[in-house]
Amino acid sequence: MRKALVLLCLGLIGCATSAKETPVVPVFSEMEMDKIISTFSETIKNNPNYTGAYYNRAMAYFHKNNYAQCWQDVHKAESLGLKFSANFLASLRKSSGRQE
């Protein structure tokens, strides 16, 4: 049940449907974010081609300001066919100072 809740919450992080809407971002403690990352890491270990896990772990890394790890998951998810929103990628570029 906890995993389902974590998946639902993280899935909502990037779900704004238009540029005018502000996404509702759940607030997690540092310990909760570490647990979320651990959960998605375990999912990836068991299913290395599951793009949703890379997406959600990238979102968690982004919210922890761990941009290097976020970029790694973005690249892996995109290599598996997932597309991130232009708004998210622009935010990641700005926050990380990288132009990947």
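Remember, predicted model here, so these are calculated numbers, not experimental data.

1. Some details on the overall build of the chain
- In terms of regular secondary structure, the chain is built from 5 helices and 0 strands.
- Reading the helices (α) and strands (β) of the chain from amino to carboxyl end gives α-α-α-α-α.
- Long-range pairs, those at least 24 residues apart, make up 53% of the contacts in the chain between residues at least 6 apart in sequence.
- Of the roughly 6,300 Å² that the chain leaves accessible, carbon and sulfur atoms contribute 55%.

2. Some details on the packing of aromatic side chains
- Taken as a whole and judged by the stated rule, the model has 4 aromatic pairs.
- Three or more aromatic residues link up through ring pairs in this structure, and these residues are Tyr55, Phe62, Tyr67, Phe84 and Phe88.

3. A short note on the confidence of the model for the chain
- With 74% of its residues at a pLDDT of 70 or more, the chain has an overall mean of 83.
- The spread of mean pLDDT over the elements of the chain runs between helix 1 (residues 2-13), the lowest at 50, and helix 4 (residues 67-79), the highest at 97.
- The model gives residues 12-20 a pLDDT under 50, and that stretch makes 9 contacts with residues more than four places away or in other chains.

4. Comments concerning the nonpolar core
- Ranked by internal contacts, the top residues of the largest apolar core, which has 22 residues, are Phe62, Cys70, Val74, Phe84, Phe88 and Leu92.
- Elements with a contribution of two residues or more to this core: helix 2 (30-46), helix 3 (51-63), helix 4 and helix 5 (86-96).
- At 8 residues, helix 3 tops the list of elements feeding residues into this core.
- Discounting chain neighbours no more than four positions away, the residues touching Leu92 are Phe62, Tyr67, Cys70, Trp71, Val74 and Gly97.

5. Here's the deal with helix 4
- Between its first and last C-alpha, helix 4 extends 18 Å over 13 residues, near the 18 Å set by a 1.5 Å rise per residue.
- Those residues of helix 4 lying buried are Tyr67, Cys70, Trp71, Asp73, Val74 and Ala77. Viewed end-on, helix 4 has its buried residues packed into an arc of 165 degrees, placing them on one side of the element.
- Here the buried face of helix 4 lies against helix 3 and helix 5.
- Where helix 4 ends, the next residue or the one after it, Gly81, has phi of about 105 degrees, a positive value.

6. Things to note about the environment of Tyr55
- Topologically, Tyr55 is positioned in helix 3.
- The exposure class assigned to Tyr55 is buried, which follows from its relative accessible area of 17%.
- Placed 22 residues apart in sequence, Tyr55 and Ala77 show a C-alpha to C-alpha distance of 6.4 Å.

Basis of the calculations
Residues numbered from 1 in each chain as written. Predicted model: local features only at pLDDT ≥ 70, side-chain atom pairs only at ≥ 80, totals over all residues. Heavy atoms only, no water. Helix = DSSP H or I, 4+ residues; strand = E, 2+ residues; numbered from the N terminus. Contact = heavy atoms within 4.5 Å. Areas by Shrake-Rupley, 256 points an atom, 1.4 Å probe, with all protein chains shown as cover. Phe/Tyr/Trp six-rings, centres within 6.5 Å; stacked < 30°, edge-to-face > 60°. pLDDT = per-residue confidence, 0-100. Core = buried A, V, L, I, M, F, W, Y, C linked by side-chain atoms within 4.5 Å. Buried < 20%, exposed > 50% of the residue type's maximum accessible area, 1.4 Å probe, protein only. Expected span 1.5 Å × (residues − 1). Arc of directions from axis to C-beta.

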